[in-house]
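Commentary on secondary and tertiary structure
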Amino acid sequence: MTGTNLAVLLDRFVRRLFVALHEKAGSFDKEDVGPNGAMTLLALAETGEVPLNKLATALIRDKSQITRTIRALERKGLVKRRTSAGDARVNMISLTEKGQVVVDAHILVLSETVDELLSALPDESKRELTALLQRAMA
């Protein structure tokens, strides 16, 4: 039962986070990347250069969806694509410097928004939650 309660609470928290970020998007999403673009940029910041198909898998997107997103981000100068040295059929995707600036802005607002959502918790509880999530994600 605990797992179910935790799953429901996490789902509710993530939805509230997305709503709050959507409401703030006009103030920080200056490149108009939207939620899909932001998730793609954040994933690239975490993984570094990655094959397109692995990025699609990590984001739970099919290849056509991620290709459209990458093209849009490429046009904005936020990501770059190169052919893999080991396999000419594979496209490697990575952030540009401009893309990293956008990621940094998104992380700042994401952090502020999480702080707002967790404002009712004492600092020690926030530190404990952070430590638990780090252990769970390791």
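Okay, so let's go over this structure. Keep in mind it's a predicted model, so treat the numbers as computed, not measured.

Here we come to the nonpolar core. Burial of nonpolar side chains together is a common tendency in soluble globular proteins. Counting residues in hydrophobic clusters, the biggest one holds 19 residues, and the most contacted among them are Leu41, Leu44, Leu55, Ile66, Ile70, Val79 and Ile93. Only helix 2 (34-47), helix 3 (52-58), helix 4 (63-75), strand 3 (91-95) and helix 5 (97-117) provide two or more residues apiece to this core. Here the element with the most residues in this core is helix 2; it accounts for 4 residues. If we skip the residues at most four places from it in the chain, Ile66 touches Thr40, Leu52, Leu55, Ala56, Leu59 and Arg61.

Under the defined criterion, the tally for this structure stands at 8 salt bridges. Measuring nitrogen to oxygen at the nearest pair gives 2.9 Å for the salt bridge that ties Glu74 to Arg81. Taking relative accessible area as the criterion, Arg81 reaches 27% and is therefore assigned partly exposed. A salt bridge links Asp123 to Lys126; the nearest nitrogen and oxygen atoms lie 3.9 Å apart. Within this pair, Asp123 and its partner Lys126 are both found in helix 6 (residues 123-137), separated by 3 residues, close to a single helical turn.

Once that is clear, we can look at the sheet that holds strand 1 (residues 50-51). Spatially, the 3 strands line up as an open sheet ordered 1-3-2, and their pairing is antiparallel. Two strands close off the open sheet at either side, each with one partner strand: strand 1 and strand 2 (79-83).

Okay, the layout of surface pockets next. Size it by volume and the largest pocket reaches roughly 2,000 Å³. Looking at the lining of the largest pocket element by element, the count peaks at 13 residues for helix 1 (residues 2-28). Here the lining of the largest pocket is built from residues that sort into 28 nonpolar, 6 polar and 7 charged.

Mapped onto the elements, His106 comes out in helix 5. Here His106 falls in the buried class, since its relative accessible area comes to 9%. If we ignore the near neighbours within four places in the chain, the residues touching His106 are Phe28, Asp29, Val33 and Ala38.

Calculation notes
- Counting of residues starts from 1 at the beginning of each chain's written sequence and follows it residue by residue.
- Given that the model is predicted, a residue must reach a pLDDT of at least 70 before its local features are reported, and side-chain atom pairs must reach 80 or more before they are shown or counted; all residues, however, enter totals for whole chains, interfaces and linings.
- Working from all heavy atoms in the structure, the side-chain values ignore hydrogens and water.
- Joining through side-chain atoms within 4.5 Å is the link that ties buried Ala, Val, Leu, Ile, Met, Phe, Trp, Tyr and Cys residues into a set, and such a set is a nonpolar core.
- Each residue's exposure class comes from its accessible area (1.4 Å probe, protein chains only) as a fraction of the maximum for that residue type: buried when under 20%, exposed when over 50%, partly exposed otherwise.
- Secondary structure counts use DSSP, requiring at least four H or I residues in a row for a helix and at least two E residues in a row for a strand, with both numbered from the N terminus.
- It only takes one pair of heavy atoms within 4.5 Å for two residues to be counted as in contact.
- Salt bridges, as used here, are contacts in which a Lys or Arg side-chain nitrogen is within 4 Å of a carboxyl oxygen on Asp or Glu.
- For two strands to count as paired, DSSP must find a minimum of two bridges between them.
- We place a 1 Å grid over just the protein atoms. Points where a 1.4 Å probe fits but has no way out form a cavity, open points with protein on both sides within 12 Å along at least 5 of 7 lines form a pocket, and any residue with an atom within 4 Å of a point lines it.
- Grid points are joined across faces, edges and corners, and a volume is the space filled by probe spheres set on the points.
- Residues were grouped as follows: Ala, Val, Leu, Ile, Met, Phe, Trp, Tyr, Cys and Pro as nonpolar; Asp, Glu, Lys and Arg as charged; and all remaining residues, including Gly, as polar.

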